[in-house]
Amino acid sequence: MRIGELAERAGTSTRTLRYYESRGLLPARRDGNGYRTYDEDDLRLLRQIRTLQDFGFDLEETRPFVECLRAGHPAGDSCPASLAVYRRKLTELDGLIGRLAGVREQVAGQLAEAEAAQPRCEMTG
């Protein structure tokens, strides 16, 4: 398939596909006329990249998953390098959750203090 069809099937733009190609995430195959050509495996790579990006992975973090698929594995997360990225991402997410929990506690405390210290004010508008 050509780049436009791949972009449509993957739900992305041709510009994005060219960018992925420039970053080495998508193969740059060309036919005799110089047109970029792609197959179902390329669509699978793109779906893996998009899924991971939807989860908050940056583009470079998707590389081990793409390389795993390119190596012929049935899933992008069946290689040790991909599992290592998952572990790093979970550690990062745990840190963010911890910070958010701390902020939530502070806001809840401020709310409790504000409600206890002041009479209620009715807003009129």
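Residues numbered from 1 in each chain as written. Predicted model: local features only at pLDDT ≥ 70, side-chain atom pairs only at ≥ 80, totals over all residues. Heavy atoms only, no water.

What is the right way to read the packing of helix H1 (residues 3–10) against helix H3 (residues 40–54) from this model?
Angle between the axes and distance between the axes: these two values describe a pair of packed helices. One way to put it is that H1 packs onto H3 with a least axis distance of 10 Å and a crossing angle of 40 degrees. By the angle between their axes, H1 is oblique relative to H3. Here the hand of the crossing between H1 and H3 comes out right-handed. Packed against H1, whose contacting residues are Leu 6, Arg 9 and Ala 10, the element H3 presents Glu 40, Asp 42, Leu 43, Leu 46, Arg 47 and Arg 50 at the interface. Class assignment for the residues of the contact of H1 with H3 results in 4 nonpolar, no polar and 5 charged. (Axes fitted to C-alpha atoms, helices over the stretch in contact; angles between N-to-C directions. Helix = DSSP H or I, 4+ residues; strand = E, 2+ residues; numbered from the N terminus. Parallel < 35°, antiparallel > 145°, perpendicular 65-115°, else oblique. Left-handed = near helix turned anticlockwise from the far one by under 90°. Contact = heavy atoms within 4.5 Å. Nonpolar A, V, L, I, M, F, W, Y, C, P; charged D, E, K, R; others polar.)

I tried to follow the side chain of Gln 48 on my own but got confused; where do I start?
In this fold, Gln 48 is placed in helix H3. In this structure, Gln 48 is in contact with Phe 65, Leu 69, Gly 76 and Asp 77, ignoring residues within four places of it in sequence.

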